[in-house]
Every structure is written in structure tokens, then in C-alpha cells.
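Geometric and topological summary
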Amino acid sequence: MAENDYIQQLFADRIGGAEFGLKEEIYKFEKIKRAKRAAVKKNPNVRLIDLGVGEPDEMAARSVVEKLAEEAGKKENRFYADNGIAEFNHAAASYMKEVFGVSGLNPETEINHVIGSKTALAMLPAAFINPGDVTLMPAPCYPVLATHTKYFGGEIIDLPLLEENGFLPDLDSLSAEVLGKAKLLYLNYPNNPTGAVANREFFEKTVRFAKKNRLIVVHDAAYAALVFDGEKPLSFLSVPGAKEVGIELHSLSKSFNMTGWRIGFIAGNEKLVKAFATVKDNNDSGQFMAIQKAAAFALSHPEITQQTAEKYARRHEMLAQTLSECGFDAVKPKGSFFLYTKAPIGVKDGPGFTSAEEFSQFLILEHLISTVPWDETGHYVRFSVTFEADGIEEEKQIMEEVKARLSRTDFIF
Ligand SMILES: Cc1ncc(COP(=O)(O)O)c(C=O)c1O
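Being a predicted model, the structure only gives us computed values, none of them experimental.

As for the nonpolar core
Counting 71 residues, the largest nonpolar core has Y95, L136, L185, M258, F265 and L299 as the members making the most contacts within it. A total of 8 residues in this core trace back to one element, the largest contributor, which is helix α3 (residues 86-100). The next biggest cluster of nonpolar side chains, apart from the first, holds 37 residues, and it includes F228, C326, F353 and F383.

Here's what the structure looks like:
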């Protein structure tokens, strides 16, 4: 044993150094998992209703799966794909035009495939962050760009997303000192976890702000095509001047029910795309060409996303109504599969909740309903409409069951 102990001294500081793995820190998602296990063990005959899932409940469209099967069987698709194949880049350029009205993207120089937007966000800091540089991150938000900024010795400055501002960051709140050190500004609309959408004016302001402060805008558009109720898919790149200041990340994970396939693309400023591609080329050897070809096929069928968006819109309608009837201030979002709402502060003649996490644990343990809590900026829970249900009737049954369970408790808001 003793001669192996030196391993503990060799971990890099960025993952905790010599302390790595020694502290029993339990993170949010692990706490949720543990609570779910405990609740199911205690109530084996009650169905756990999982409204916490962050990915689609359905598989990819049959036609896309068939295209993959066909391409997977072709000998010419077996090679390393390096920075991607032209067929995918061209499909991505056409998709940007058709769905978002963004024309003129050069498929060769302004688009590059990515093995999921998560890995792209993980790689971007390698291209831009030197020690001491700042990345501006909304709070709450998807954290990957922040984690890797810190790995490279950079710093994170939070931009709180407040309900009274429509969950858009207040760019004017930043000091000159912070702006002097800032290089990257991360945005994500429709937003995870708030479900908020951005508008053209906000993106126009962002372009002016980025130019004035010499910032690179990274717009994470993972949910961009999943909008409803008259909302049109909005790309940051559709705003004049955006290509001078930023890039946008698109993913087929959510819009085409392809989370496990690991495919998406980066688009925008040529120099930024080139810097990213240089880092990527030193990290991976590209996604399997058969997957790229099936993804190109999917991108040329945006009606697949529209059908999914309609389903989410229907479910959101039911969920917002159910939650409202149970006392929550729940509003149907205009995009994404997330409904974000204030957590109650306690139960009448019962426990109080000092955080959304406490409420979320209560909901799992007492009612076998799983959600994801967010305590960064206020206390909110994220409900997701990606629960497993086969058709409208089952969706209705689940909502009735949610209502019956929640109604058993008198929550205080
Ligand atoms: C905001 C946001 N960005 C990126 C991702 C990662 O997506 P991908 O599957 O493309 O890596 C997610 C996934 O949950 C997300 O919510």
C-alpha cells in the first residue's frame, strides 16, 4: 500500500491536488440520485415521476437512424474524420439559412463540426484564456466553459440572471476593471435552466457591448430551434455585426433527440472558428463520418425538430397549469424543455425550506417527484417536460398524478 501512496501527491491542483478524492463532497446531482434511490426503496409500489431529466425522452427519428445504419456499412466512412467532412458543413450552413435566416456562412471557414457542444465549450478556453483572463458567465448556467476557464488559470465573473430582467444578464453592471480583463462572454438562449428566450434587441446590444469592450461572444444555442407559441428560432449570428464578435454552438442533441450521438457544430467568425479548430484537432480526430452524414441528413429535415417542439409546448401547457393549480407561480416558457419556477419556502405546519435543494429533496422523498434545484440566484426549481410518456393520454395521467401528489401538501410561497 505505502509504496503506492505517491499517486495521491501527483494530482494537478485544478482537480484538487493532493486532496483529490479525499473529501466526501456530494454534489447536487448525486444528492438527487441518492434521494431517488431512497424514495423508491421506501415506496416500491409508487411510480417515481422524473421531472428532472435534462435530455429528450425519445430516440432519434427513424429516418435518421436508418441513414446511420446505411452509412455505417460503407467502407469509405471508416477513416479518422479529423476536422470534419464537407457534406456536414454544407448541411449546417443550409440549416442556418433555412431555420434561422443566417445566410452567407462559409461552410469551409466559418463552420466546424464538434463532438457535442459540451466538448466544444471545454476546448474554447484553450484557444483564448491565459492566466488572469476573465470569462463572463451567467448565474445560474451550464458550467463547462467556466470549469475549463479555471483549468487554464482564468477567472469567472458571474452575471446574475434575474427574473425581473427576463433572465437576461445586465451587461451594464460590470466594472471597467472586470471588462479590462474579460475575454469571453458566454450566453445561452433559450436558456438552461431558466427556459428564458432572448430577443433581437438584446443580441444587438450584446454586439455593441462586445465591440466596445473587445469581447468574444460564445452563444450556446443548444435549444435554439426548440421554440413555440409564435416564437421564431433566433440565432445570435442573425444580428448585424455578430460574426465580427462571436461564434455560436449548435447541437443535434436536443433538437434532433440525438444526445448520445455526440454531434453539433460551431459557426461564426472565421478567426475564432480557426482557433477553435486548431485546438480541436489536437484533442480528437473527429466524429465518425457515418454519424456526420446521418446528422447532415437530420439537419436537412428541420420539421423533425418542429414536431418535438410541438410536443414540448403541449406538455409545458399542462405542466404550467398543474403547477399553478398547486400554488406555484408557473409560467409556460417560450422555448427549451425547462420550466423554472420559485421554490416554496416551506410547508404549513411542517418543515421550512432554506434552499431550493431542501424543497427538491422533500419533493423526491415525500412525493416521488424529481426536479433540479438552483440556488445560485434566488431559490428556484427546474421542471423538465422530457418525462417518459407514450402519447397525450399518458401525459395527462402523469399531470393528474403530479397534481394529486402536490395537493397533499400545503406549500407556503
Ligand atoms: C446549455 C447547454 N449547453 C450544452 C449542452 C451540452 O450539449 P451537447 O449534448 O451538445 O454536448 C447542454 C446539455 O445539457 C446544455 O444544457
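What about the site of the ligand?
Taken together, 13 residues lie near the ligand, and S117, D220, S251, S253 and K254 sit nearest. In the model, an oxygen atom of the ligand is placed 2.6 Å from a nitrogen or oxygen of the S117 side chain. Between the ligand and K254 there is a distance of 2.6 Å, counted from an oxygen atom to a side-chain nitrogen or oxygen. Contact with the protein chains covers 92% of the free accessible surface of the ligand, which is 390 Å². Using a 2 Å cut-off from the grid points, one finds that the ligand occupies the largest pocket. Elements represented by at least two residues in the shell around the ligand include exactly α4 (117-128) and α9 (252-255). Residues of the shell around the ligand, tallied by class, amount to 3 nonpolar, 6 polar and 4 charged.

What to know about the sheet that holds strand β6 (residues 216-220)
Taken in spatial order, the 7 strands line up as β2-β8-β7-β6-β5-β3-β4 in an open sheet, and their pairing is mixed. Each of the sheet's edge strands pairs with one partner strand only, and the pair in question is β2 (111-114) and β4 (155-160). Ignoring strand direction, the axes of neighbouring strands in this sheet form an average angle of 25°. Summarising the sheet, β2 and strand β8 (residues 264-268) pair through 4 bridges and their orientation is antiparallel. Among the inter-strand pairings, I111 is bridged to a residue of β8, identified as A267. Each of β2, β7 (246-251) and β8 is contacted by α3, which is oriented at about 105° to β2, the strand it contacts most.

A look at empty space enclosed by the protein
Empty space among the atoms can be located by rolling a probe the size of a water molecule over them. Scanning the entire structure with this criterion turns up 2 cavities of 30 Å³ or more. Size it by volume and the largest cavity reaches roughly 70 Å³. As for the largest cavity, its lining consists of Y189, P190, V197, A198, F203, A224, V227, E231, K232, P233 and L234. For the lining of the largest cavity, the residue count by class is 9 nonpolar, no polar and 2 charged. Of the pockets and cavities examined, the second largest cavity occupies roughly 60 Å³. As for the second largest cavity, its lining consists of 13 residues, of which Y95, A221, H250, S251 and S255 are closest to the centre.

Observations concerning unusual backbone geometry
Glycine aside, residues mostly have negative phi, and peptide bonds are mostly found in the trans state. Here the residue pair A139 and P140 is connected by a cis peptide bond, since its omega of 0° sits within 30 degrees of zero. As for its position among the elements, P140 is in the loop between β3 (134-139) and α5 (144-151). Residues Y189 and P190 are joined by a peptide bond in cis, for which omega reads -10°. Inspection of the secondary structure assignment puts P190 in the loop between β5 (182-188) and α7 (200-213). One non-glycine residue, D349, adopts positive backbone phi at about 55°. Within the secondary structure layout, D349 lies in the loop between β10 (346-347) and α13 (356-367). We classify D349 as exposed; its relative accessible area is 81%.

What counts, and where the lines are drawn
Residues numbered from 1 in each chain as written. Predicted model: local features only at pLDDT ≥ 70, side-chain atom pairs only at ≥ 80, totals over all residues. Heavy atoms only, no water. Core = buried A, V, L, I, M, F, W, Y, C linked by side-chain atoms within 4.5 Å. Buried < 20%, exposed > 50% of the residue type's maximum accessible area, 1.4 Å probe, protein only. Helix = DSSP H or I, 4+ residues; strand = E, 2+ residues; numbered from the N terminus. Near = heavy atom within 4 Å. Polar contact = N/O pair within 3.5 Å; in protein donor to acceptor, adjacent residues only side chain to side chain. Areas by Shrake-Rupley, 256 points an atom, 1.4 Å probe, with all protein chains shown as cover. 1 Å grid on protein atoms, 1.4 Å probe; cavity = no way out; pocket = protein on both sides within 12 Å on 5 of 7 lines; lining within 4 Å. Sits in = over half its atoms within 2 Å of the grid points. Nonpolar A, V, L, I, M, F, W, Y, C, P; charged D, E, K, R; others polar. Pairing = 2+ DSSP bridges. Axes fitted to C-alpha atoms, helices over the stretch in contact; angles between N-to-C directions. Contact = heavy atoms within 4.5 Å. Points joined across faces, edges and corners; volume = space filled by probe spheres on them.

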